[in-house]
Amino acid sequence: MKIHTEDYGQFKVLKVAGKVDILTSSEIRAKLAEVARAKINVLVVDLDKVVYMDSSGLATFLEGLKSMKEYGGVLRLVNVPERIDKVLKLMKLDQVFEVYESVDEAARGK
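Residue positions are given per chain, counting from 1 as you read along its sequence in written order. Totals for whole chains, interfaces and linings use every residue, but because this is a predicted model, local features are given only for residues with pLDDT of at least 70 and side-chain atom pairs only at 80 or more, for both listing and counting. Note that water and hydrogens are dropped before the side-chain values are worked out from all heavy atoms of the structure.

Student: Sorry, what's going on with the environment of aspartate 48 here?
Tutor: One can find aspartate 48 in strand S3 (residues 42–53). Taking the C-alpha atoms as reference, aspartate 48 lies 7.4 Å from valine 78; in sequence the two are 30 residues apart. Residues in contact with aspartate 48, not counting those within four places in the same chain, are Val78, Asn79 and Pro81. Counting from the N terminus, the helices are the DSSP runs of H or I reaching at least four residues and the strands are the DSSP runs of E reaching at least two. Between two residues, a contact is recorded if the distance between any of their heavy atoms is within 4.5 Å.

Student: Would you mind going over the pattern of salt bridges with me for this structure?
Tutor: Side chains that differ in charge, positive against negative, can pair when their charged atoms come close. We define a salt bridge as a side-chain nitrogen of Lys or Arg found within 4 Å of a carboxyl oxygen belonging to Asp or Glu. Applying the stated criterion across every chain yields a total of 7 salt bridges. Across the salt bridge formed by arginine 29 and glutamate 63, the nearest N and O atoms sit 2.8 Å from each other. With arginine 29 in helix H1 (residues 25–38) and glutamate 63 in helix H2 (residues 55–69), this residue pair connects regions lying 34 residues apart in the sequence. The rule is simple: take the accessible area with a 1.4 Å probe, protein chains only, and divide by the maximum for that residue type; under 20% is buried, over 50% is exposed, in between is partly exposed. Given a relative accessible area of 33%, arginine 29 falls into the partly exposed group. You can call glutamate 63 partly exposed: its relative accessible area is 37%. A salt bridge links aspartate 85 to lysine 89; the nearest nitrogen and oxygen atoms lie 3.0 Å apart. Taken together, the residues span about one helical turn, with aspartate 85 and lysine 89 both in helix H3 (residues 82–90) at a distance of 4 residues. Its relative accessible area of 19% is what places aspartate 85 among the buried residues.

Student: Quick question: what am I supposed to make of the pairing of strand S4 (residues 74–78) here?
Tutor: A regular strand places its side chains on the two faces of the sheet in alternate fashion. Buried residues dominate S4, accounting for 5 of its 5 residues. When the strands point away from the viewer and the connection leading from the first strand across the helix to the second strand turns clockwise, the crossover is called right-handed. Crossover S3 to S4 through H2 is right-handed. As paired strands, S4 and strand S5 (residues 98–100) are joined by 3 bridges and run parallel to one another. Note that in S5 the partner of arginine 76 across the bridge is glutamate 98. In this view, the connection linking S4 to its parallel neighbour S5 by way of H3 has right-handed handedness. Pairing between strands is defined by DSSP: at least two bridges between them are needed.

Student: When you look at a nonpolar patch on the surface in this model, what are you seeing that I'm missing?
Tutor: What makes a patch is a set of residues exposed beyond 30% relative accessible area and free of salt bridges, joined within 9 Å when like-charged and within 5 Å when nonpolar (Val, Leu, Ile, Met, Phe, Trp, Tyr). Residue-level accessible areas treat just the shown protein chains as cover; the underlying method is Shrake-Rupley with a 1.4 Å probe. The grouping of Val87, Leu90 and Met91 at the surface amounts to a nonpolar patch, some 310 Å² of accessible area in total. Inspection of the secondary structure puts leucine 90 in helix H3. Accessibility expressed as a relative area gives 72% for leucine 90, which makes it exposed.

So, in structure tokens, the structure goes:
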């Protein structure tokens, strides 16, 4: 798994590639905690290159969302692969996460 962050002015993009599972979730959890400590207003998580995500991956992003909401921050998901999108919808997590088609759309919040 690879994680890369990019700054876009008032928001940050976290690009994740590979498998997000029990073995890699701790690395993502650390990045999300770093963003929360910095009190970034908007974090856009780009999942375009994610090939697999298990329940620990979903839990990690839920924890990140909760941490950001504590100070008024927002976590948005973009480029969600179809198989992960199906799981989000099945578990009704599409009602918890803000899901967008692109980084530009997520940056505007539309």
